[in-house]
Amino acid sequence: MTSDLRTSDGADASSTATTAGARAHARAQHGRTAEHMRHIPATAAPAPPEGIPAERLVWSEAVAPGGYTAAVLARGTRIRLTDVHGDACAHVLLHRADATHERLNVADTVKVPWQAYLGKGHPLLSGFGRVLATVVADTSGHHDALAGTTTRDGNDAKYGASAPQSATPAGRELLLLAALKNGMAQRDLVPSVSFFQGVRVDADGVLQWRGSAGPGTTVDLLLHVDTIVSLANTAHLLDPRPQFTCSTLHLHAWPAATELDLLSAGELIGPLGPEHRQAIANTDADLAARGAL
């Protein structure tokens, strides 16, 4: 009896048993697309956001359930996150690209604007009183800046595994991989925010999971500085479902620097609160001092 040994894409395994065969097989994959991948160049995105020509894109990716990604993006870039099927959960960290010690500070992000719940108009702040990004569009409304992401111990206890290569990866483990790829380390992993799985605080101060707003919802972030964006797409910490539940997340980004001036002038999403305006002023003053504005 003979066995039919094939690679995951159907190729005869014997054809890859030699260096020449493996090289030929690898080259044959060039140009093929998969369900979950980064599109390079981004202009080759198979389904750009409505109203955004593909030739404008600088980042396009479909992140698998349990996957992670990272990108270094310029000031004035607009990023759209899309919860394709309704069970994505985008755990996001932001680090300033030219000074990674300046990073998302969740405490200030909820404290300074006097709002614990993320949504359109919310600034994502660093610990220096500066704004790294602003949420400029939101069709979901189901987000979380309170619970953080999942951990190795938590996932081991709930699902029996937490490693990045497992079927139930912890968000912190995935974000660490993203950090390492950009010259950072464990100490750079601060609390993250998450989009598409909502959390609210009840009258007794208990965090209550609200789940998703459904498939097809989007969130747009506008970057105020050159930023390392790290993202893990994995189940939410408070998700009560016993099985690991997560679905595909789409990412698209394009230059939108002119929108920064519109935002500051109150013409993009309406008037900003005084704390938001001050954070933008702090950011612009720092960029001017560095000769970057």
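Predicted model only: the values in this text are computed from it and were never measured. (Residues numbered from 1 in each chain as written. Predicted model: local features only at pLDDT ≥ 70, side-chain atom pairs only at ≥ 80, totals over all residues. Heavy atoms only, no water.)

Novice: Just to check I follow, could you spell out the sheet that holds strand β6 (residues 131-138) for this structure?
Specialist: In any sheet, the strands associate via hydrogen bonds between backbone groups, in a parallel or an antiparallel arrangement. One open sheet accounts for six strands, arranged β1-β13-β3-β11-β6-β5; its pairing is antiparallel. Looking along the sheet, the strands with just one partner apiece sit at the ends: β1 (59-63) and β5 (123-125). Averaged over neighbouring strand pairs, the angle between their axes works out to 20 degrees when direction is ignored. Taken together, the five bridges between β1 and strand β13 (residues 249-255) define a ladder with antiparallel strand orientation. Note that in β13 the partner of W59 across the bridge is A253. (Pairing = 2+ DSSP bridges. Helix = DSSP H or I, 4+ residues; strand = E, 2+ residues; numbered from the N terminus. Axes fitted to C-alpha atoms, helices over the stretch in contact; angles between N-to-C directions.)

Novice: Whenever I open this one, the sheet that holds strand β4 (residues 90-96) confuses me. Can you help?
Specialist: The five strands are arranged β2-β12-β4-β8-β7 in an open sheet whose pairing can be described as antiparallel. At either margin of the open sheet sits one strand with a lone partner, and together these are β2 (67-73) and β7 (143-144). One ladder, built from seven bridges, connects β4 with strand β12 (residues 227-233); its direction is antiparallel. Residue pairing across strands places V92 opposite L231, the latter belonging to β12.

Novice: Help me understand the environment of I228, please; the structure alone is not making it clear to me.
Specialist: Mapped onto the fold, I228 is located in strand β12. Sequence separation between I228 and G270 is 42 residues; the distance between their C-alpha atoms is 27 Å. Apart from residues no more than four positions distant in its own chain, I228 is found in contact with A71, V72, L93, L94, H95, A97, T100, N182 and M184. (Contact = heavy atoms within 4.5 Å.)

Novice: Is there a simple way to think about the nonpolar core in this case?
Specialist: Burial of nonpolar side chains together is a common tendency in soluble globular proteins. Counting residues in each nonpolar core, the largest one holds 42 residues, and the members touching the most others are L81, F195 and L249. L81 has contacts with A90, F195, F196, T217, T218, V219, L231, L249, H250 and L251, leaving out every residue within four places of it along the chain. (Core = buried A, V, L, I, M, F, W, Y, C linked by side-chain atoms within 4.5 Å. Buried < 20%, exposed > 50% of the residue type's maximum accessible area, 1.4 Å probe, protein only.)

Novice: In this structure, what is going on with the UniProt feature "domain: DUF1989" (unreviewed entry) in the chain? I would like to understand it.
Specialist: The residues that UniProt annotates with the feature "domain: DUF1989" (unreviewed entry) are residues 62-228. In residues 62-228, the share of helix is 14% and the share of strand is 34%. The end C-alpha atoms are 18 Å apart. (UniProt positions renumbered as here; feature names shortened; annotations may be inferred.)

Novice: How should the layout of surface pockets be read in this particular structure?
Specialist: To find leftover empty space, a probe the size of one water molecule is rolled over the atoms. The computed volume of the second largest pocket comes to approximately 200 Å³. Taken together, 14 residues form the lining of the second largest pocket, with G121, H122, P123, G273 and H276 sitting closest to its centre. Tallied by class, the residues present in the lining of the second largest pocket amount to six nonpolar, six polar and two charged. (1 Å grid on protein atoms, 1.4 Å probe; cavity = no way out; pocket = protein on both sides within 12 Å on 5 of 7 lines; lining within 4 Å. Points joined across faces, edges and corners; volume = space filled by probe spheres on them. Nonpolar A, V, L, I, M, F, W, Y, C, P; charged D, E, K, R; others polar.)

Novice: Help me out: how do you make sense of the pairing of strand β10 (residues 207-211) in this one?
Specialist: Within a regular beta strand, the side chains point alternately toward one face of the sheet and then the other, so they alternate between its two faces. Pairing of strand β9 (residues 198-201) with β10, which is carried by four bridges, proceeds in the antiparallel orientation. Residue pairing in the sheet places V201 in a bridge with L207 of β10. Connecting β9 to the next strand, β10, in antiparallel fashion are five residues, including G205 with a positive phi near 85 degrees.

Novice: Is there a simple way to think about the packing of aromatic side chains in this case?
Specialist: All told, the structure shown has one aromatic pair when counted by the stated rule. Of note, R200 hangs over the ring of Y117, and the distance from its end group to the ring centre comes to 3.9 Å. (Phe/Tyr/Trp six-rings, centres within 6.5 Å; stacked < 30°, edge-to-face > 60°. Lys NZ or Arg CZ within 6 Å of the ring centre and 35° of its normal.)

Novice: Sorry, what's going on with a nonpolar patch on the surface here?
Specialist: On the surface, L146, V201 and L207 cluster together into a nonpolar patch covering about 200 Å² of accessible area. Following the sequence through the fold, L146 ends up in the loop between β7 and α3 (152-159). Since its relative accessible area comes to 34%, L146 is described here as partly exposed. (Patch = residues over 30% accessible without salt bridge, like charges linked within 9 Å, V, L, I, M, F, W, Y side chains within 5 Å. Areas by Shrake-Rupley, 256 points an atom, 1.4 Å probe, with all protein chains shown as cover. Salt bridge = Lys/Arg side-chain N within 4 Å of Asp/Glu carboxyl O.)

Novice: What should I look at first to understand the pattern of salt bridges in this one?
Specialist: Summed over all chains, the structure comprises 17 salt bridges. A salt bridge links K111 to D108; the nearest nitrogen and oxygen atoms lie 3.4 Å apart. Linking K111 with D108, this pair stays in helix α2 (residues 106-111), spanning three residues, or about one helical turn. D239 is the salt-bridge partner of R241, the closest N and O atoms lying 2.8 Å from each other. Sharing partners across several salt bridges, the network here consists of R96, D98, E102, R130, D286 and R290.

Novice: I tried to follow helix α4 (residues 171-180) on my own but got confused; where do I start?
Specialist: Working note: α-helix, 3.6 residues per turn, so residues spaced by three or four point in the same direction. Of all ten residues that make up α4, seven are buried, and the element is covered over most of its length. Buried residues in α4 make contact with β2, β4, α3 and β12.

Novice: Would you mind going over helix α6 (residues 274-289) with me for this structure?
Specialist: With 16 residues, α6 ought to run about 22 Å at 1.5 Å a step, and its terminal C-alpha atoms sit 22 Å apart, in line with that. For α6, the complete set of buried residues consists of H276, A279, I280, T283, D286 and L287. One side of α6 holds all its buried residues, which, seen down the axis, span an arc of 125 degrees. Lining the buried residues of α6 we find β4, β5, β6 and α5 (258-264). (Expected span 1.5 Å × (residues − 1). Arc of directions from axis to C-beta.)

Novice: Is there a simple way to think about the environment of A116 in this case?
Specialist: Mapped onto the fold, A116 is located in the loop between α2 and β5. A relative accessible area of 28% means that A116 is categorised as partly exposed. In sequence terms A116 and G154 are 38 residues apart; their C-alpha atoms lie 24 Å from each other. What A116 contacts, discounting residues up to four positions off in sequence, is V110, A145 and L146.

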